[in-house]
Amino acid sequence: MFSATDIGIDLGTANILVYTKSKGVIFNEPSIVALDARTGAVIAIGTEAKAMLGKAPDSIRIVRPMKEGVIADFDVTRELLKLVMQKASKQLGGSLRKPNVMVCTPSGATAVERRAIHDAVKQSGAKSVHLIEETVAAAIGADLPITEPVASVIVDIGGGTTEVAIISFGGVVSSSTIKIAGDRMDEDILQYVRKHYNLLIGEKTAEAIKKEIGYAPISHEPKMMNIRGRDVLSGLPKTIELSSVEMQKALNESLSAILECIRATLENCPAELSGDMVDQGVVISGGGALLKGLQEWLSEEISVPVHIAPDPLESVAIGTGRSLSMIDQLEKMSR
């Protein structure tokens, strides 16, 4: 029913990924679009558009068409998807014509939001479009046995949302979603630096700080990082030194909210499946899984083993692609 050129799409808030069975992930770039401010025409997408962030003149508008896992700007998303499909087709030697597409949706997405995602992908050139919950796709991409009668627990910390789900027999038994994830952590860092140092920094700098010295609340050897920004008082460029201990304080509120989301989901787990969690543990995926110390901290807080998915950044995309061959099985189990 499905061919090797059919694709899975992870339409994420931070990044958009395309997966094919034949070549794996063939596209992985930021979900950012640069538009001509006067005409609305697309100037650049992905990595090229992100490079303009905070540096573009007024004639160029930088847009994030995905917000908190769902479409915030339908028209821009449709144009983004068309260009992504064209780039993906080039990677496959021009063979991507009217593919069947599996695309993930947030667990808490409404019927209207799901329809918007379906229509945007369909209008970008897909032959048929199938939707799969993001947590289920992440679990498949992380090699969890979701079709078996055991509890597979996945925590997907993306850009706009953190989704937690307990999956058994191919269906979601218990799930929770909060709109706190990687983007909120970047904002936390940005606000911390402004409040404590009177320094203005951009989104890209905040993200770089998170990746370099961002830490979950665990004991560690402090790391230092020099950053540059604009002094709020003088308006002049300024360089300061930040420590990883400070970043623990900056990220504490967001990480606590993510922890509570995980606990709430685990507390709703049926008793028969609770024992599986002790044996199987919890798997974290998404860009947030790469935060230093997160695995150890979560394991200590929830008292069960915590594992990082083999390819945390690509788990959802891989899962969407793999699920194309599991559609009938998944639909049968979700009835």
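Summarised in this report is the structure supplied together with it. As the structure is a prediction and not an experimental result, all values here were calculated from the model.

Considering the nonpolar core
I209, I227 and L294 are the most contacted members of the largest nonpolar core, which totals 44 residues. By size, the runner-up hydrophobic cluster in this structure holds 27 residues, among which are I26, I45, L92 and V129.

A closer look at the layout of surface pockets
Of the voids in this model, the largest pocket is the one considered here, and its volume is about 1000 Å³. Residue lining of the largest pocket: 46 residues in total, with A14, N15, G159, E207 and G287 positioned closest to the centre. Contributions of two or more residues to the lining of the largest pocket are made by β1 (7-11), β2 (15-20), β3 (24-30), β9 (100-105), β11 (152-157), α5 (182-197) and α6 (203-213). It is α5 that provides the largest number of residues to the lining of the largest pocket, a total of 7 residues. Split into classes, the residues belonging to the lining of the largest pocket amount to 17 nonpolar, 14 polar and 15 charged.

So, the pattern of salt bridges
Within this structure, the stated rule accounts for 14 salt bridges. The salt bridge partner of E79 is K82, with a shortest N-O separation of 3.7 Å. With a gap of 3 residues between them, E79 and K82 both fall in helix α2 (residues 74-91), about one helical turn apart. Each of D75, R78, E79 and K82 takes part in salt bridges that share partners, so that together they form one network.

Focus on helix α9 (residues 294-302)
Within α9, burial applies to L294, W297, L298 and I302. For α9, the angular spread of the buried residues around the axis is 110°, confining them to a single face. Contacts from the buried residues of α9 go to β11, α7 (244-267), β17 (282-285) and β18 (306-308). One or two residues past the end of α9 sits S303, with phi positive at roughly 60°.

So, the environment of A109
Take A109: it is sitting in the loop between β9 and α3 (111-123). With a relative accessible area of 10%, A109 lands in the buried category. Once the C-alpha coordinates of A109 and T177 are considered, the two residues, 68 residues apart in sequence, prove to be 9.9 Å apart. When near neighbours in sequence (up to four residues on either side) are disregarded, A109 contacts V70 and R114.

As for the sheet that holds strand β6 (residues 60-63)
One open sheet holds the 3 strands; their spatial order is β5-β4-β6, and the pairing between them is antiparallel. Where the open sheet ends on each side, the last strands, each with one partner, are β5 (42-45) and β6. The sheet shows a mean angle of 20° between the axes of neighbouring strands, taken without regard to direction. In terms of strand pairing, strand β4 (residues 33-36) meets β6 through 4 bridges, oriented antiparallel. Looking across to β6, one finds that V33 is bridged to V63. Seen against the sheet, α2 touches β4, β5 and β6 and runs at an angle of roughly 60° to β5.

Looking at α7
For α7, spanning 24 residues, the distance from its first C-alpha to its last is 32 Å, which sits close to the expected 34 Å at 1.5 Å a residue. The sharpest bend along α7 comes to roughly 50°, located at N252.

Structural notes on the sheet that holds β17
Pairing within the open sheet is mixed, and its 5 strands lie in the order β13-β12-β11-β17-β18. The open sheet terminates on both sides in strands that have one partner only, identified here as β13 (171-178) and β18. Adjacent strand axes in the sheet meet at a mean angle of 20° when their direction is disregarded. In terms of strand pairing, β11 meets strand β12 (residues 162-168) through 6 bridges, oriented antiparallel. Counterpart to V153 in the pairing with β12 is I166. Helix-sheet contacts for α7 involve β11, β12 and β13, and the interaxial angle to β13 is about 155°. Contacts from α9 reach β11, β17 and β18, with the element oriented near 155° to β18.

Overview of the packing of α5 against α6
A packed helix pair is summarised by two numbers, namely the angle formed by the two axes and the spacing between the axes. Their axes nearest at 8 Å, the elements α5 and α6 cross at an angle of 100°. Classified by the angle their axes make, α5 and α6 are roughly perpendicular. Contacts between α5 and α6 pair G182, M185, D186, I189 and L190 from the former with E203, A206, E207, I209 and K210 from the latter. Partitioned by chemical class, the residues of the contact of α5 with α6 number 5 nonpolar, 1 polar and 4 charged.

So, how was this worked out
Residues numbered from 1 in each chain as written. Predicted model: local features only at pLDDT ≥ 70, side-chain atom pairs only at ≥ 80, totals over all residues. Heavy atoms only, no water. Core = buried A, V, L, I, M, F, W, Y, C linked by side-chain atoms within 4.5 Å. Buried < 20%, exposed > 50% of the residue type's maximum accessible area, 1.4 Å probe, protein only. 1 Å grid on protein atoms, 1.4 Å probe; cavity = no way out; pocket = protein on both sides within 12 Å on 5 of 7 lines; lining within 4 Å. Points joined across faces, edges and corners; volume = space filled by probe spheres on them. Helix = DSSP H or I, 4+ residues; strand = E, 2+ residues; numbered from the N terminus. Nonpolar A, V, L, I, M, F, W, Y, C, P; charged D, E, K, R; others polar. Salt bridge = Lys/Arg side-chain N within 4 Å of Asp/Glu carboxyl O. Arc of directions from axis to C-beta. Contact = heavy atoms within 4.5 Å. Pairing = 2+ DSSP bridges. Axes fitted to C-alpha atoms, helices over the stretch in contact; angles between N-to-C directions. Expected span 1.5 Å × (residues − 1). Bend = angle between axes of the 7 residues up to and from the residue. Parallel < 35°, antiparallel > 145°, perpendicular 65-115°, else oblique.

Shape is all these values report; function is a separate question.
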